[in-house]
2 protein chains.
Amino acid sequence: MSEQSVRVVVIGGGFGGLEAAKQLRDSTVKVTVCDRDNYHLFQPLLYQVATGGLAPGEIAVPIRRILRGQGNAEVLLQDIEAVDLDRREVVHATGRIPYDYLVVASGARHNYFGHEAWQSAAPGLKTLEEALDIRRRIYLAYEEAERLDDPEGLGGLLNFTVIGGGPTGVELAGAVAEIARRTLRRDFRRIDPASSRVILIEAGPRLLPTLPPDLSRYARATLEKMGVEVHIGTPVSDVSADGVRLGDAWIPSRTVIWAAGVAASPLGQGLGAPTDCAGRVEVLSDLSLPGHPEVFVVGDLALVRGADGHTLPSLAPVAMQEGRLAARNIVRRLGGQTTQPFHYHDRGALATIGRSAAVADIRGLRLTGFTAWLAWLFVHILYLIGFDNRMVVLWRWAIAYATFERADRLITEPRRLTRPGTSV
Amino acid sequence: MSEQSVRVVVIGGGFGGLEAAKQLRDSTVKVTVCDRDNYHLFQPLLYQVATGGLAPGEIAVPIRRILRGQGNAEVLLQDIEAVDLDRREVVHATGRIPYDYLVVASGARHNYFGHEAWQSAAPGLKTLEEALDIRRRIYLAYEEAERLDDPEGLGGLLNFTVIGGGPTGVELAGAVAEIARRTLRRDFRRIDPASSRVILIEAGPRLLPTLPPDLSRYARATLEKMGVEVHIGTPVSDVSADGVRLGDAWIPSRTVIWAAGVAASPLGQGLGAPTDCAGRVEVLSDLSLPGHPEVFVVGDLALVRGADGHTLPSLAPVAMQEGRLAARNIVRRLGGQTTQPFHYHDRGALATIGRSAAVADIRGLRLTGFTAWLAWLFVHILYLIGFDNRMVVLWRWAIAYATFERADRLITEPRRLTRPGTSV
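Keep in mind it's a predicted model, so treat the numbers as computed, not measured.

**Examining the pattern of salt bridges**
For step 1, the next point in the chain: Considering all chains together, one arrives at 56 salt bridges over all chains under this definition.
For step 2, the next point in the chain: A salt bridge links Glu89(B) to Arg96(B); the nearest nitrogen and oxygen atoms lie 2.6 Å apart.
For step 3, the next point in the chain: Owing to a relative accessible area of 38%, Arg96(B) belongs among the partly exposed residues under this scheme.
For step 4, the next point in the chain: Between Glu405(B) and Arg409(B) there is a salt bridge; the shortest N-O distance is 3.2 Å. By the burial criterion, Glu405(B) is buried, and Arg409(B) matches it.
For step 5, the next point in the chain: Three or more residues are tied together by salt bridges with common partners; here these are Arg65(A), Arg68(A), Asp388(A), Asp187(B), Glu405(B) and Arg409(B).

Below is the structure:
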């Protein structure tokens, strides 16, 4: 097989898939990146879209714009529904695309752990559409409260519950508390936004379980100082449009956000390899699928263990490094070399809590407060794609730092898309 | 009636309503602004959202943020459905709001002139949701073309038709042509975006009919130089999902945008006053409703004649001046003074065509090309609300000027809001 004719299909334009495609830049293979969205989403900042701090376009860039200069790469807006391992084709609604090598990087979705009925009441935060839905719910709650004739009828309207104490849950709870106490402080006449309750629920023993315990304690203390009620160690037993049940207690809450768990993309189920309880695919040490050396699985869909035997977390750096190795292993195989195993270079973990408050664990160096927040800010600006977006996000953050304003708190309603015209 | 207890209700937070509310800043009346959106939309730049140049949050600001510092003003997110003139109440889905004075500034919608069936195939551009829908249609057309296996099957996929040769139609056609010829130039591998056809249709004898004829000629020549096919003097006789019929010719076109006419808000029909063919309400010279000196109608909903007897156009400056006069007349009436008639101070009209190309008619001074474009840019930045938005828009425009990039060309799909979670 001449290298010219080799076609590498990449499913997913997230961190893993995009890095795989870019790594093949100097190869003579032909790369086809398929994604159901036309943009690469910078998911670590998605919570800022959900809370109105940033606009969608500031954290998402068209995939074809990113790969514009890479002549051997093409981008197709296709939702891949299955992989036909025998015929070496990926399958979409209207056809098939053949591959010689395949990189599956289709990521993860929410996991309601069997309680799918909770989804409509407690949306998760994985897509831009979901972020805008959550933004709408948060700001609409205040609008509805303001227009109530009887302030006694508030119910759980100004109670906001975040389920899940990982980085996303902590970031969301902190941002919602800041909206209530600072952003909206002077915006309403009949209600007092500062009277809102913000509730963060974590079923496990501590917040931010992948970080050291002292950072978890700092995060909890900081959130409580910001007015967030933190509940640890009790899972929710019910979620409805009116609130959540936590042990014996019923917490009325009109706005509930699900940040409690992810499940790997369903594409993983069709790959014929064992999967873990979250649907992640067990791959070989070189990230290839057992029995299919031409198929690689990377990112949130792959179950990969670190040097200490622990499963690597669902983080952008893990996915990016995996994507690059998968691409390098494709090139090695084409050159007749043996593939290399994956080694994760852990540069640390960060989580932000609020203005000037974050936690960081950088190779054992533990930072909190303003220093950690600056580190968080620097890293996120650095990895954001697009010079123009970096400038705009920095500007938005500077304004937010100075004024507590949130730039994009529009309530847009997809359901109201078509307004009847008026004939007169 | 003591002035303290006087309640002024303003329907609509557009240019007219917002100026009326702000004008009452130093009065002791209580102002209630009702709008069905939580934001004021800077409609003159909406076409830039529809073509991916600006993000929604960059041209829309929460109304309650604008009125935050005005202690006598409150904002209610309410879709007002009717006015009960006898009881002096405005009516919404769940209740009524009493008023002593009323400013009706509910604006206009599209007018399909009896062809309501055309709306789904040819959306208009009045709301943010519609702008995002049009953006999705434009960029999705290219994605669909790229993934076609048979390039012969393109049909009208890369034909873009704009119906209506007023400022919005001209701006849209110019922007779509720039997307095709410049923005997307290097983004695709299988199709050539530059092969797109952009068609602008105006039923009347010339483009930009409210501007002097020489500016119309300049606009047409510039658009044609940009590759836009301009059809003048023939109305479309049919619009479907596949194209438009123009006289005897059928133009296949998957993307059609309606910029051909507006109809006043249906609230105007219930005010008991005569309306013109576009549903605009004939008001007295002081902008009050005949027989109801406590009700004022301003903006696109009002039929007001200028000094020359011509109807004033649907422009932001007209609405703003009307809103201010209505507010001043309320104050005069409260003070026992007679009201004043409306006189429009015409500062000129501008329309942009593309990069470095615009037309301007400023008190008889006619500008074209780069000078007019700079004037257009200056005026729009000046009137945009919010210092942070002004900076971001200037930055976006600088980047666009240098690179032809459009910052926010995401295809977001409201219909796909809820993605099924995966249980494993």
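Back to the write-up after that little detour.
**Quick look at the interface of chain B and chain A**
For step 1, the next point in the chain: Listed per partner, the contact involves 80 residues of chain B and 80 residues of chain A.
For step 2, the next point in the chain: Between chain B and chain A we count 12 salt bridges in total.
For step 3, the next point in the chain: Residues Arg68(B) and Asp187(A) are paired through a salt bridge, measuring 2.4 Å at the closest nitrogen-oxygen approach.
For step 4, the next point in the chain: The tally of links from chain B across to chain A stands at 27 residue pairs in polar contact (both at pLDDT 80 or more).
For step 5, the next point in the chain: Those elements that provide at least two residues to the side of chain B that touches chain A are β4 (60–62), α3 (63–66), β5 (73–77), β10 (108–110), α4 (128–146), β18 (262–264) and α9 (387–403) of chain B.
For step 6, the next point in the chain: When residues in the side of chain B that touches chain A are grouped by element, the largest group, eight residues, is from α9(B).
For step 7, the next point in the chain: Looking at the side of chain B that touches chain A, its residues break down into 31 nonpolar, 20 polar and 29 charged.

**Digging into the side chain of Asn329(B)**
Residue and element names in this part refer to chain B.
For step 1, the next point in the chain: For Asn329, the position within the fold is in helix α7 (residues 316–334).
For step 2, the next point in the chain: By relative accessible area, which is 0% here, Asn329 ends up buried.
For step 3, the next point in the chain: The contacts of Asn329, once residues within four sequence positions are left out, are Asp286, Phe296, Thr339 and Gln340.

**Describing helix α4 (residues 128–146) of chain A**
In an α-helix, one turn spans 3.6 residues; hence positions three or four apart end up facing the same way.
For step 1, the next point in the chain: The end-to-end C-alpha distance of α4(A) is 27 Å, a good match for the 27 Å that 19 residues give at a rise of 1.5 Å each.
For step 2, the next point in the chain: Across the 19 residues of α4(A), 18 count as buried, placing the element largely inside the fold.

**Section: the pairing of strand β21 (residues 292–297) of chain A**
Residues and elements named next belong to chain A.
For step 1, the next point in the chain: The buried count for β21 comes to five of six residues, which makes it a mostly enclosed element.
For step 2, the next point in the chain: Relative to β21, strand β9 (residues 101–104) runs parallel, the two sharing three bridges. Bridge pairing links Val104 to Val297 in β21.
For step 3, the next point in the chain: The pairing of strand β20 (residues 288–289) with β21 spans two bridges and is antiparallel. Directly across from Ser288, in β21, lies its bridge partner Phe296.
For step 4, the next point in the chain: Hairpin connection, β20 to β21: the antiparallel pair is bridged by two residues, and Gly291 has positive phi, about 85 degrees.

**Observations regarding the sheet that holds strand β8 (residues 95–98) of chain A**
The pairing of strands in a sheet comes from backbone hydrogen bonds and takes either a parallel or an antiparallel form.
All names here are of chain A.
For step 1, the next point in the chain: On the basis of which strands lie adjacent, the open sheet formed by three strands has the order β6-β7-β8 and antiparallel pairing. Because the sheet does not close on itself, it has two edges, and the strands there are β6 (80–84) and β8. Ignoring strand direction, the axes of neighbouring strands in this sheet form an average angle of 25 degrees.
For step 2, the next point in the chain: Examined bridge by bridge, strand β7 (residues 89–92) and β8 share four bridges and lie antiparallel to one another. Counterpart to Glu89 in the pairing with β8 is Pro98.

**Here we look at the sheet that holds strand β6 (residues 82–84) of chain B**
Residue and element names in this part refer to chain B.
For step 1, the next point in the chain: Pairing in this open sheet of three strands is antiparallel, and the strands run β6-β7-β8 from one edge to the other. Single-partner strands in this sheet number two, and they are β6 and β8 (95–98). For this sheet, the mean angle separating the axes of adjacent strands, direction not counted, is 30 degrees.

**Focus: the packing of helix α1 (residues 15–23) of chain A against helix α7 (residues 316–334) of chain A**
Residue and element names in this part refer to chain A.
For step 1, the next point in the chain: For the pair α1 and α7, the least separation of the axes is 7 Å and the interaxial angle reads 35 degrees. Classified by chirality, the crossing of α7 by α1 is right-handed. On α7, the residues that touch Phe15, Gly16, Glu19, Ala20 and Gln23 of α1 are Ala316, Ala319, Met320, Gly323, Arg324, Ala327 and Arg328.
For step 2, the next point in the chain: Within the contact of α1 with α7, the residues separate by chemical class into six nonpolar, three polar and three charged.

**Focus on the environment of Pro205(B)**
Residue and element names in this part refer to chain B.
For step 1, the next point in the chain: Its location among the elements puts Pro205 in the loop between β12 (197–202) and α6 (213–225).
For step 2, the next point in the chain: Using a relative accessible area of 77% as the deciding quantity, one classes Pro205 as exposed.
For step 3, the next point in the chain: Residues Pro205 and Ala327, spaced 122 residues apart in sequence, show a C-alpha to C-alpha distance of 39 Å.

**Details of the packing of aromatic side chains**
For step 1, the next point in the chain: Overall, the coordinates contain 16 aromatic pairs over all chains when judged by the stated rule.
For step 2, the next point in the chain: Ring centres of Phe15(A) and Phe42(A) lie 5.7 Å apart, and the angle between their planes is 70 degrees; this geometry places the pair in the edge-to-face category. Taken together, the residues Phe15(A) in helix α1 and Phe42(A) in the loop between β3 (39–41) and α2 (46–50) connect sequence positions 27 residues apart. A single burial state applies to Phe15(A) and to Phe42(A), both of which are buried.
For step 3, the next point in the chain: Taken together, a centroid distance of 5.9 Å and an interplanar angle of 35 degrees make the contact between Tyr142(B) and Phe188(B) tilted. Here Tyr142(B) is found in helix α4, whereas its partner Phe188(B) is found in the loop between α5 (167–183) and β12, with 46 residues between them in sequence.
For step 4, the next point in the chain: We classify Phe188(B) as buried; its relative accessible area is 8%.

**So, unusual backbone geometry**
Residue and element names in this part refer to chain B.
For step 1, the next point in the chain: Its identity as a non-glycine residue notwithstanding, Ser356 has a phi of 65 degrees, on the positive side.
For step 2, the next point in the chain: Here Ser356 shows up in the loop between β23 (349–354) and β24 (357–362).
For step 3, the next point in the chain: By relative accessible area, which is 18% here, Ser356 ends up buried.

**Focus: the environment of Arg406(B)**
For step 1, the next point in the chain: Mapped onto the fold, Arg406(B) is located in the segment after α9.
For step 2, the next point in the chain: By relative accessible area, Arg406(B) is classed as buried at 11%.
For step 3, the next point in the chain: Residue contacts for Arg406(B): discarding those within four places in its chain leaves Arg65(A), Thr51(B), Gly52(B), Gly53(B), Tyr139(B), Ala175(B), Glu178(B), Ile179(B) and Thr183(B).
For step 4, the next point in the chain: A distance of 3.2 Å separates a polar atom in the side chain of Arg406(B) from a polar atom in the side chain of Thr51(B).

**A short note on helix α8 (residues 369–383) of chain B**
All names here are of chain B.
For step 1, the next point in the chain: Under the 1.5 Å per step criterion, the end-to-end length of α8 is 21 Å for 15 residues, consistent within 8% with the ideal 21 Å.
For step 2, the next point in the chain: Among the residues of α8, Gly369, Ala372, Trp373, Trp376, Leu377, His380 and Ile381 are the ones counted as buried. Axial view of α8: buried residues confined to an arc of 165 degrees, hence all on one face.

**Describing the packing of α8(B) against α9(B)**
Residues and elements named next belong to chain B.
For step 1, the next point in the chain: Put simply, α8 and α9 touch, their axes get as near as 10 Å, and they point 155 degrees apart. The angle between the axes of α8 and α9 places the two elements in the roughly antiparallel class. Taking contact as the criterion, the partners of Phe370, Trp373, Trp376, Leu377, His380, Ile381 and Leu382 in α8 are, on α9, Arg390, Val393, Leu394, Trp397 and Tyr401.
For step 2, the next point in the chain: When grouped by side-chain class, the residues that make up the contact of α8 with α9 number 10 nonpolar, one polar and one charged.

**With respect to the confidence of the model for chain A**
When pLDDT drops low, the exact placement of atoms in the prediction is not to be read closely.
Residues and elements named next belong to chain A.
For step 1, the next point in the chain: For chain A, mean pLDDT is 92; residues scoring 70 or higher make up 96% of the total.
For step 2, the next point in the chain: Under a pLDDT of 50 for its full length, residues 415–424 has, in the predicted model, 32 contacts with residues more than four places off or in other chains.
For step 3, the next point in the chain: Two numbers describe this predicted complex: its pTM, 0.92, and its ipTM, 0.90.

The rules behind each value
Residues numbered from 1 in each chain as written. Chains lettered and ligands numbered in written order. Predicted model: local features only at pLDDT ≥ 70, side-chain atom pairs only at ≥ 80, totals over all residues. Heavy atoms only, no water. Salt bridge = Lys/Arg side-chain N within 4 Å of Asp/Glu carboxyl O. Buried < 20%, exposed > 50% of the residue type's maximum accessible area, 1.4 Å probe, protein only. Contact = heavy atoms within 4.5 Å. Polar contact = N/O pair within 3.5 Å; in protein donor to acceptor, adjacent residues only side chain to side chain. Helix = DSSP H or I, 4+ residues; strand = E, 2+ residues; numbered from the N terminus. Nonpolar A, V, L, I, M, F, W, Y, C, P; charged D, E, K, R; others polar. Expected span 1.5 Å × (residues − 1). Pairing = 2+ DSSP bridges. Axes fitted to C-alpha atoms, helices over the stretch in contact; angles between N-to-C directions. Left-handed = near helix turned anticlockwise from the far one by under 90°. Phe/Tyr/Trp six-rings, centres within 6.5 Å; stacked < 30°, edge-to-face > 60°. Arc of directions from axis to C-beta. Parallel < 35°, antiparallel > 145°, perpendicular 65-115°, else oblique. pLDDT = per-residue confidence, 0-100.

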